[in-house]
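# Commentary on secondary and tertiary structure
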Amino acid sequence: MFGSSTKDVPEVRCVPRHIAIIMDGNGRWAKKRFLPRVAGHKKGLDTVREVVTACKELGVEYLTLFAFSTENWRRPQDEVSFLMELFLRALESEVSKLHANNIRLRVLGTRERFSPALAERIQAAEDKTAGNDGLVLSIAADYGGRWDVLNAVNGLIADGVSEITEENLAARLSTHWAPEPDLFIRTGGEQRISNFLLWQLAYSELYFTDLLWPDFDRTALEGALNSYRERERRFGRTSEQLPVQQRRN
């Protein structure tokens with residue numbers, strides 16, 4: 001299990017070890033082009049492919065993408081149905097490519113509201129790529145940060161744990177096998193984290209861009225990484241306490 005940034009100072013690298021992204025703006029991208037919202041979601045899948053490839057080539061070890069939140073069930077039913085179908089088709093068409101590129105796929109969140117076919121396809125995809133030791137691609141689907149924390153707490157209570165600590169709670173989170181995100185990116189111009197990885201983002205660097213997700217290409221990703229490299233990651237310390245190479249002023 002990886003350590004907590006509030007307990008220990010993690011290693012700071014030029015390339016983030018773990019990037020988390022809220023992929024916002026598919027619908028607005030389509031609307032600007034007088035297309036149905038679903039066209040934006042299709043185009044957004046192309047961006048996922050490009051960003052996954054770029055992260056693998058740049059040396060990122062973990063990439064977590066927020067695809068569908070617990071609150072997204074409130075969207076129009078036809079859009080929700082399309083997104084579920086798109087997820088199923090993507091699993092059918094992309095998993096073999098991920099496997100061939102030594103990428104491990106994980107899906108975060110509860111699966112109780114997914115169709116049996118989708119739930120089975122998710123499990124099959126995770127099983128197929130389980131032995132891969134390259135980039136870990138996590139898709140958060142029917143996921144919420146509060147759900148994640150509550151699920152961990154309830155699991156500890158069910159096991160009769162008498163004292164809940166950072167360590168035993170973190171060990172129950174859906175991302176317990178990954179380091180905390182170094183960099184959080186949100187596209188689409190909104191500046192909030194929208195119930196995504198609430199516990200895990202405690203000391204992540206936040207990067208917001210007005211680019212809509214379908215327009216977020218490799219160049220945009222590299223721009224986010226350049227911004228990240230300019231940050232001082234102090235974790236409660238002063239600038240003077242940092243190694244010289246990590247100081248920005």
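These numbers were taken from a predicted model, which means no experiment stands behind them.

Counting buried positions along strand E2 (residues 62-69) gives seven out of eight residues, so the element sits mostly inside the fold. Here strand E1 (residues 18-22) pairs with E2 via five bridges, running parallel. Along E2, the bridge assignment pairs Ile 21 with Leu 65. Looking at chain direction, E2 and strand E4 (residues 136-143) are connected through seven bridges and run parallel. Along E4, the bridge assignment pairs Phe 66 with Ala 140.

We now examine the nonpolar core. The biggest cluster of nonpolar side chains holds 45 residues, and the ones touching the most others in it are Ile 19, Ile 21, Leu 63, Leu 137 and Ile 185. For this core, the leading source of residues is helix H3 (residues 77-100), giving eleven residues. Ignoring sequence-local partners within four residues, the contact set of Leu 137 consists of Val 52, Leu 63, Leu 65, Leu 98, Ile 103, Arg 104, Leu 105 and Arg 106. Core analysis: the second largest hydrophobic core is formed by 14 residues, Ile 22, Tyr 62, Phe 196 and Leu 197 among them.

Next up on the list: the side chain of Asn 26. Mapped onto the elements, Asn 26 comes out in helix H1 (residues 26-32). A residue is classified by how much of its surface remains accessible, and Asn 26, at 11% relative accessible area, is buried. In terms of polar contacts, Asn 26 uses its side chain to reach the side chain of His 41, at 3.3 Å. Excluding residues that lie within four positions of it along the chain, Asn 26 makes contacts with Arg 37, Gly 40, His 41, Gly 44, Trp 213 and Pro 214.

Our next topic: the pairing of strand E5 (residues 183-186). Burial along E5 is two-sided: Leu 183 and Ile 185 facing one way and Phe 184 and Arg 186 facing the other are all buried. Here E1 runs beside E5; their pairing, made up of four bridges, is parallel. Bridging across to E5, Ala 20 finds its partner in Phe 184.

The next point concerns the layout of surface pockets. Gaps left between atoms show up when a probe the size of a water molecule is rolled over them. In this structure, the largest pocket spans a volume of roughly 1,200 Å³. Residue lining of the largest pocket: 46 residues in total, with Met 23, Asn 26, Val 48, Phe 66 and Ala 67 positioned closest to the centre. Where the lining of the largest pocket is concerned, the elements lending two or more residues are H1, helix H2 (37-58), E2, H3 and E4. Split by residue class, the lining of the largest pocket holds 23 nonpolar, ten polar and 13 charged. For the second largest pocket, the calculated volume is near 290 Å³. Pro 10, Glu 11, Pro 179, Glu 180 and Asp 182 are, among the 18 residues lining the second largest pocket, the residues nearest its centre. Grouping the amino acids of the lining of the second largest pocket by side-chain chemistry returns six nonpolar, five polar and seven charged.

Rules of the game
Residues numbered from 1 in each chain as written. Predicted model: local features only at pLDDT ≥ 70, side-chain atom pairs only at ≥ 80, totals over all residues. Heavy atoms only, no water. Buried < 20%, exposed > 50% of the residue type's maximum accessible area, 1.4 Å probe, protein only. Helix = DSSP H or I, 4+ residues; strand = E, 2+ residues; numbered from the N terminus. Pairing = 2+ DSSP bridges. Core = buried A, V, L, I, M, F, W, Y, C linked by side-chain atoms within 4.5 Å. Contact = heavy atoms within 4.5 Å. Polar contact = N/O pair within 3.5 Å; in protein donor to acceptor, adjacent residues only side chain to side chain. 1 Å grid on protein atoms, 1.4 Å probe; cavity = no way out; pocket = protein on both sides within 12 Å on 5 of 7 lines; lining within 4 Å. Points joined across faces, edges and corners; volume = space filled by probe spheres on them. Nonpolar A, V, L, I, M, F, W, Y, C, P; charged D, E, K, R; others polar.

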